[in-house]
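Residues per chain are reported as follows:
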Amino acid sequence: MTGELLYLDHNATTPLHPRVADAMRPFLERGWGNPSSAHSVGREAREALEAARAEVAQLLGARSREIVFTGGGTESNNLAIVGSTEALRATGRRRLVISAFEHPAVDEVARHLEARHAVALTRLPVDPAGLVVAAAVERHLGPETALVSVMHANNEVGSLQPVAQIAELAARHGVRVHTDASQSVGKVPVRVDDLGVDLLTVAAHKLYGPKGVGALYVRSGVRLEPVLRGAGHEGGLRPGTENVLGAVGLGAAARLAASDLEEEGRRQGRLRDRLEERLAAVVPGLVRLGHPIRRLPNTASVSFPGVRAADLLAATPEVAASVGAACHGDRVTVSAVLSAMAVPEDVAAGALRLSLGRGTVEETVDRAADALADAWRRLCGV
């Protein structure tokens, strides 16, 4: 390795931001009270918890009472999907509609419900640009449909999905809509009323907060069955003594995101474009994956011709990125996302996801582009 790590994997995880760490630090020392207790340290914990709830709500354009703290994005997705199907089972609504390239935190829940709980499962097709075909949704909306769950931004190619359009269609049929917005919250404006959704997932570690904490937005009037059973914490939807430290971190991360959301998005978008342009200038046949406009500002998904992405990363240990296909000997296993987009196997084999963050600067982008281009030349013998 030469020099410091060139970190371009911010969609997988982000470092804890110093301002978030500063907000959390006092609660390592004094925030040990149970928020349900009536004594002074309990009241202090409750006040911190509710302040964090208000900060998350403000970022989403929601009301504080509509925010449920959870153990992370996966738990939020489970609560939204299982909670909806269980709450609506008695009404005969037993169909679940998801996209063909949902994150496993949604897809595996859907598979389980289909296999073990007699839920009918429909997967919506996606186009080659990585967008759900919204027009296909309406065919699956009816009195038997319990929930439509479509991610807001794809985790591999960054394409922003037509969630508002889908929600408008679903509302005509009285069908509730959930979106996993783990990848988009903190990167682009995400307002629940603009999207028209009933349920929305947030993961703290995707926006510079701590791991192991998240939130689920639950629109007022939407009834869910809890997945866990216990005491009546979090409006009866998530029992167990609340993780005050984690919630404070998520609240601080939400406040940080709200402070410069559009400005930081534009900055990262410019850097992403610079990265793509530098690579395209020196790598003939470079393929850009995902929608060219409707996408996260920090995400570039590109395929290098004639090489396997895993080999390219092995040749550039100073670059941290994610591959779009796993290679085992001569066999290539294409990711579910690229497979749903009908990306050819040879293109998928060379695909890298390069995602930027708050700490990314021009020097990072330029050095990473040069390192990847040099490695591509060596591997191709150019």
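A few points on the structure. Worth saying up front: this structure is predicted, and the values here are computed from it rather than measured.

As a further point, take the packing of helix α3 (residues 40-60) against helix α8 (residues 244-282). Between α3 and α8, the least distance of the axes is 8 Å, while the angle of their chain directions is 35°. For α3 against α8, the interelement crossing comes out left-handed. Here A45, A48, L49, A52, E55, V56 and L59 of α3 come into contact with α8, specifically with V244, A247, V248, L250, G251, A252, A254, R255, A257 and A258.

For side chains bearing opposite charge, pairing can occur when the charged atoms are close. Counting across every chain of the model gives 31 salt bridges. Note that R95 is salt-bridged to E144, the shortest N-O span being 3.9 Å. Highlighted residues: R95 in strand β3 (residues 95-99) and E144 in the loop between β4 (120-124) and β5 (145-149), separated in sequence by 49 residues. By relative accessible area, R95 is classed as partly exposed at 23%. Between E276 and R288 there is a salt bridge, and its shortest N-O distance comes to 3.3 Å. Highlighted residues: E276 in helix α8 and R288 in strand β9 (residues 287-289), separated in sequence by 12 residues. Relative accessible area serves as the criterion here: at 2%, E276 is assigned to the buried category. One salt-bridge network, in which partners are shared between bridges, spans R46, E50, R53, E234 and E242.

Okay, the pairing of β3 next. Of all five residues in β3, four are buried; the element is thus mostly enclosed. Pairing geometry for β3 and β4, over five bridges, is parallel. Each residue of the ladder has a partner; that of R95, found in β4, is A120. At this point the chain moves from β3, through helix α5 (residues 104-116), to the parallel β4, and the crossover so formed is right-handed. Pairing of β3 with β5, which is carried by four bridges, proceeds in the parallel orientation. Within the sheet, the bridge partner assigned to V97 lies in β5 and is V148.

Packing of α8 against helix α12 (residues 362-380) leaves a shortest axis separation of 9 Å and a crossing angle of 25°. Taken together, the axes of α8 and α12 lie roughly parallel to each other. Judged by the sense of rotation from one axis to the other, the crossing of α8 with α12 is right-handed. Of α12, the residues touching α8 (which contributes L271, R274, L275, R278, L279 and V282) are E362, V365, D366, A369, D370, L372, A373, W376 and R377. Residue composition of the contact of α8 with α12, grouped by class: nine nonpolar, no polar and six charged.

This part takes up the sheet that holds β5. Overall, mixed pairing links the seven strands, which are arranged β2-β8-β7-β6-β5-β3-β4 in an open sheet. Edge positions in the open sheet fall to β2 (67-70) and β4, since each of these has one partner strand only. Adjacent strand axes in the sheet meet at a mean angle of 20°, parallel and antiparallel pairs treated alike. Summarising the sheet, strand β7 (residues 199-203) and strand β8 (residues 214-218) pair through five bridges and their orientation is antiparallel. Residue T201 lies in a different strand from β8, and its bridge partner there is L216.

Before going further, it helps to examine the sheet that holds strand β10 (residues 299-303). Ordered in space as β9-β10-β15-β12, the four strands form an open sheet in which the pairing is antiparallel. The sheet is open, and its two edges are formed by β9 and β12 (322-323), each paired on a single side. Pairing analysis gives five bridges linking β10 to strand β15 (residues 351-355), with the strands arranged antiparallel. Across the sheet, residue A300 finds its bridge partner in β15, namely L354. Sheet contacts for α8: β9, β10 and β15; angle to β10, the most-contacted strand, approximately 15°.

Criteria and cut-off values
- Residues numbered from 1 in each chain as written.
- Predicted model: local features only at pLDDT ≥ 70, side-chain atom pairs only at ≥ 80, totals over all residues.
- Heavy atoms only, no water.
- Axes fitted to C-alpha atoms, helices over the stretch in contact; angles between N-to-C directions.
- Helix = DSSP H or I, 4+ residues; strand = E, 2+ residues; numbered from the N terminus.
- Left-handed = near helix turned anticlockwise from the far one by under 90°.
- Contact = heavy atoms within 4.5 Å.
- Salt bridge = Lys/Arg side-chain N within 4 Å of Asp/Glu carboxyl O.
- Buried < 20%, exposed > 50% of the residue type's maximum accessible area, 1.4 Å probe, protein only.
- Pairing = 2+ DSSP bridges.
- Right-handed = clockwise from strand over helix to strand, strands pointing away.
- Parallel < 35°, antiparallel > 145°, perpendicular 65-115°, else oblique.
- Nonpolar A, V, L, I, M, F, W, Y, C, P; charged D, E, K, R; others polar.

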